[in-house]
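Given next are the chains, with one letter for each unit.
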Number of protein chains: 2
Amino acid sequence: MNPTAAILLIGDEILSGRTQDSNGNHLAKRLTEVGIDLLEIRVVPDKHKVIVAALNTLRAVHTHVFTSGGIGPTHDDITADAVAAAFGVGIGVREDARAVLATNYDNPADLNEMRLRMARIPDGASLIDNPISKAPGFSLEKVHVMAGVPVIFEAMVAGLLPSLTGGAPMRSVSVRIDRPEGEVAAGLAVIAANFPALSIGSYPFVTESGFGTNIVARGVEATPLAAVEAEIRKLQ
Amino acid sequence: MNPTAAILLIGDEILSGRTQDSNGNHLAKRLTEVGIDLLEIRVVPDKHKVIVAALNTLRAVHTHVFTSGGIGPTHDDITADAVAAAFGVGIGVREDARAVLATNYDNPADLNEMRLRMARIPDGASLIDNPISKAPGFSLEKVHVMAGVPVIFEAMVAGLLPSLTGGAPMRSVSVRIDRPEGEVAAGLAVIAANFPALSIGSYPFVTESGFGTNIVARGVEATPLAAVEAEIRKLQ
C-alpha cells in the first residue's frame, strides 16, 4: 500500500473565485511521481476553527497532509496558529527561523514585528526551506505547511518531497479516441472488468469537430498497462 | 445571512494531477455574484463510499451542494448512484430524461444501453438542462449534480443558478501595492481592526521587479468599501 495524502488549500481568495488555484494541481503531479496517493483536496476559508477541524480530520486519515497558504506576515495569515491549536502545542518565534528570516534584510530594523510573525513556529516542528523569500514553511509530524504564492510553494515542495518516503510510482497510459463516450462505453466496461487491478477512467472532451474521449489507465506495473493499452486502441 | 454552498469535484483525474480543474473556479465566481457564500471545495476520487460520505457531510452543513463529474455513460460514472445512496432513494431510467437524451440521436439504436445510463435519475430529482450534449444533470433537494466537461458544466450552471435564491452579492475592492507584504502588514492590521464588518485579505505576489501585495476588501455594502479603499491606498 502506498502512503496516502490530502492537500488543504487555505484561502478566501480561492473560494471567492478571485484566484484560480494552481498549487493543488502542481503537488498532485509531484505526488503521483513519487508514489504517494493523493486522496483528497480540500479548500477552506481563512477561519481558525475551520482550519483546525480540517487539519484534525485529514491527519487522522492520511499519511501526509500538505497545506498551502496563510503563512505570511499579515493579519489574515493564521495557518501556523491553527496547526499549533490542532496539535495542542505551543507556538512562538523560534531562533532558527528568525535567523533564516534575518538573512533577507540588510537593515535589521526591516525585520519588523509583523515580519517576525513568519518566524512563529509550532513547538516540535522542523523547518521547510524557502529559497525564494526565506520565510520558512514547517513540518509538524505528518502535516507540512507551505506558502500560497505558487513560485514559493513549488520551491518548498521540491525541497520537501525527497525527504518523504514514497511508494510505487503510479504509471499511466492515455489513449485518445475521436468517438463519443457512448460509442466506446460498452467495450470499455468489458476491458475494465478484465483488468481489475488497473484504474481505468474515461474523460470526454468537446472540440469544434465533435465529441471525443480520452481513456486513461493507471497502475503500478508496466506489463498489464501495455496489455490494456492494446485493448483500448481497438476501440479507436 | 447569505445561503452557503460547497462544491464537490468528483474525479481521479484531478487527484492524479492529469487535469487542472476549472469548474470550481468558474462556479466560485458565479456564486459570489449571486450572493451565495462558497465555504468549501472538496475533490474526491471515483469511489462510491467516499462520494456518499462527502455528500452527506456537506449537505448536512450547507444550503447547497454542487457536484461536478461522473455522470457520463462509462463504467466510472458513478455519481448518480452515489447521490441516490446518500439520500436512500431509488434510481432508474426516467422517461423524461430518456426523451431528452433521445433528441441527440437520429437513429434510435444509437441510444444504446451504456448511453441510457445517462437517463438514470434518483427518485424525486428534477432535471438540469444540458444544451450542449443533452444528457441532463439533476437537482435532488439541495444537491445539484452537473457534468465534469467544463463547457457543459458552465452551461448547466448558467441554467441552474437563476432558479436558486441568492443573498446579498459580495462586493470587493482590490488595491495593488508594489511593496512587500512585510512593509504594509502593520498598517493593514490597523485598518482591518477598524473595519470589522469587512473581510480584508492580503495576497503577495512575485514579479521580476520584486515582491508586491494585492489587498482585497470584501463586503456587501458599498460605503464602507469605498472608505476602506481610501485607507488602503495610503499604504501605497
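Residues numbered from 1 in each chain as written. Chains lettered and ligands numbered in written order. Predicted model: local features only at pLDDT ≥ 70, side-chain atom pairs only at ≥ 80, totals over all residues. Heavy atoms only, no water.

1. Let's talk about the overall build of chain A
Counting its secondary structure elements, chain A contains nine helices and eleven strands. Projected onto its principal axes, the C-alpha coordinates of chain A cover approximately 70 × 40 × 35 Å. Within chain A, the fraction of its 236 residues that count as buried is 53%. Contacts in chain A between residues far apart in sequence, at least 24 positions, make up 68% of those at least 6 positions apart. Carbon together with sulfur atoms contributes 54% to the accessible area of chain A, which is approximately 9900 Å² in total. Positive and negative side-chain charges in chain A, numbering 20 and 26 respectively, have mean positions lying 2 Å apart. (Helix = DSSP H or I, 4+ residues; strand = E, 2+ residues; numbered from the N terminus. Buried < 20%, exposed > 50% of the residue type's maximum accessible area, 1.4 Å probe, protein only. Contact = heavy atoms within 4.5 Å. Areas by Shrake-Rupley, 256 points an atom, 1.4 Å probe, with all protein chains shown as cover. Lys, Arg positive; Asp, Glu negative; His and termini not counted. Charge placed at Lys NZ, Arg CZ, Asp CG, Glu CD.)

2. Details of the environment of A:Phe66
Residue and element names in this part refer to chain A. With respect to the helices, strands and loops of the structure, Phe66 is situated in strand β3 (residues 64-68). Of the residues examined, Phe66 reaches a relative accessible area of 1% and is grouped as buried. Separated by 47 residues in the primary sequence, Phe66 and Glu113 have C-alpha atoms spaced 27 Å apart.

3. Focus: the sheet that holds strand β9 (residues 171-177) of chain A
Residue and element names in this part refer to chain A. Pairing is antiparallel across the open sheet formed by three strands, whose spatial order is β9-β11-β10. Among the strands making up the open sheet, the edge pair consists of β9 and β10 (199-207). Going from strand to strand, the sheet's axes swing by 20° on average, the running direction of each strand aside. (Pairing = 2+ DSSP bridges. Axes fitted to C-alpha atoms, helices over the stretch in contact; angles between N-to-C directions.)

4. Regarding the interface of chain A and chain B
Facing the 57 residues of chain A at the interface are 57 residues of chain B. Here chain A and chain B share an interface that buries about 4300 Å² over both sides, 57% of which is from carbon and sulfur atoms. Summed over the shared surface of chain A and chain B, the number is four salt bridges. If you look at where chain A meets chain B, you find 18 residue pairs in polar contact (both at pLDDT 80 or more). Taken together, the elements giving at least two residues each to the side of chain A that touches chain B come down to α1 (12-15), α2 (23-34), β2 (37-44), α6 (113-116), α8 (181-194), β10 and β11 (210-219) of chain A. Tallying contributions element by element places α8(A) first for the side of chain A that touches chain B, with eight residues. (Buried area = accessible area lost by both parts, 1.4 Å probe. Salt bridge = Lys/Arg side-chain N within 4 Å of Asp/Glu carboxyl O. Polar contact = N/O pair within 3.5 Å; in protein donor to acceptor, adjacent residues only side chain to side chain.)

5. Topic: the relation of the copies chain A and chain B
Note on the chain copies: they are related by a rotation about an axis and a translation along it. It takes a turn of 180° to lay chain A on chain B, together with a shift of 0.0 Å along the axis; the resulting RMSD is 0.0 Å. A rotation of that kind, with that shift, is consistent with a two-fold axis. The position closest to the rotation axis in chain A is occupied by the C-alpha of A:Arg42, lying 2.2 Å away. Of the residues that chain A buries at the interface, 100% are likewise interface residues in chain B, meaning the two copies contact each other through the same surface. (Least-squares fit on C-alpha atoms with pLDDT ≥ 70 in both.)

6. Description of the packing of aromatic side chains
Under the counting rule described, the total for this entry stands at zero aromatic pairs over all chains. Stacked on the ring of A:Phe87, the Lys or Arg A:Arg59 has its end atom at 3.8 Å from the ring centre. (Phe/Tyr/Trp six-rings, centres within 6.5 Å; stacked < 30°, edge-to-face > 60°. Lys NZ or Arg CZ within 6 Å of the ring centre and 35° of its normal.)

7. Looking at the domain arrangement of chain A
One can read the domain layout of chain A as domain 1 (4-163) and domain 2 (171-233). Measuring from the centre of the C-alpha atoms in domain 1 of chain A to the corresponding centre in domain 2 of chain A gives 37 Å. (Domains from an automatic or database assignment.)

8. What to know about helix α7 (residues 150-160) of chain A
Every buried residue of α7(A) is listed here: A:Ile152, A:Phe153, A:Ala155, A:Met156, A:Val157 and A:Leu160. Looking at the buried positions of α7(A), the neighbouring elements they touch are α2, β3, β6 (126-128), β7 (137-140) and β8 (143-146) of chain A.

9. Points about unusual backbone geometry
Residues and elements named next belong to chain A. Phi at Lys134 is positive, roughly 75°, even though this residue is not glycine. Note on placement: Lys134 falls in the loop between β6 and β7. Under the relative-accessibility criterion, Lys134 is labelled partly exposed at 27%.

10. As for the side chain of B:Ser202
Along the chain, B:Ser202 falls in strand β10 (residues 199-207). With a relative accessible area of 3%, B:Ser202 lands in the buried category. For B:Ser202, the side chain forms a polar contact with the side chain of B:Glu181, separated by 2.6 Å. Excluding residues that lie within four positions of it along the chain, B:Ser202 makes contacts with A:Thr74, A:Asp76, B:Glu181, B:Leu188, B:Thr213, B:Asn214 and B:Ile215.

11. Overview of the nonpolar core
One finds A:Leu55, A:Phe66 and B:Phe66 to be the most contacted residues of the largest nonpolar core, which totals 110 residues. Setting aside residues no more than four positions away along its own chain, B:Phe66 makes contact with B:Ala5, B:Ala6, B:Ile7, B:Leu8, B:Leu27, B:Leu31, B:His144, B:Met146, B:Leu160, B:Leu161 and B:Leu164. (Core = buried A, V, L, I, M, F, W, Y, C linked by side-chain atoms within 4.5 Å.)

12. Some details on the packing of helix α2 (residues 23-34) of chain B against helix α7 (residues 150-160) of chain B
Residue and element names in this part refer to chain B. The interhelical angle for the contact between α2 and α7, taken along N-to-C directions, is 20°, at an axis separation of 10 Å. Considering the angle they form, α2 stands roughly parallel to α7. Between α2 and α7 lies a crossing of right-handed hand. Listed contacts from α7 to Asn23, His26, Leu27 and Arg30 of α2 are Pro150, Phe153, Glu154 and Val157. (Parallel < 35°, antiparallel > 145°, perpendicular 65-115°, else oblique. Left-handed = near helix turned anticlockwise from the far one by under 90°.)

13. With respect to the pairing of β8(A)
All names here are of chain A. Here β8 shows a buried face lined by Val143 and Val145 and a second buried face lined by His144 and Met146. Judged from the four bridges that link them, β3 and β8 form a sheet pairing that is parallel. What sits directly across from Thr67, in β8, is Val145. Note: β7 against β8, three bridges, orientation antiparallel. Across the sheet, the residue bridging to Leu140 is Val143, located in β8.

14. Structural notes on the sheet that holds strand β11 (residues 210-219) of chain B
Residue and element names in this part refer to chain B. Reading across the sheet, the three strands line up as β9-β11-β10 and stay open at both edges, with antiparallel pairing between neighbours. Looking at which strands have only one partner, the edges of the open sheet turn out to be β9 (171-177) and β10. Neighbour-to-neighbour, the strand axes of the sheet open up by a mean angle of 20°, direction not taken into account. Of the strand pairs in this sheet, β9 and β11 are connected by seven bridges, and their pairing is antiparallel. Residue pairing for β11: Ile177 is matched across the bridge by Thr213. Each of β9, β10 and β11 touches helix α9 (residues 222-233); the most contacted strand, β9, lies at about 5° to it.

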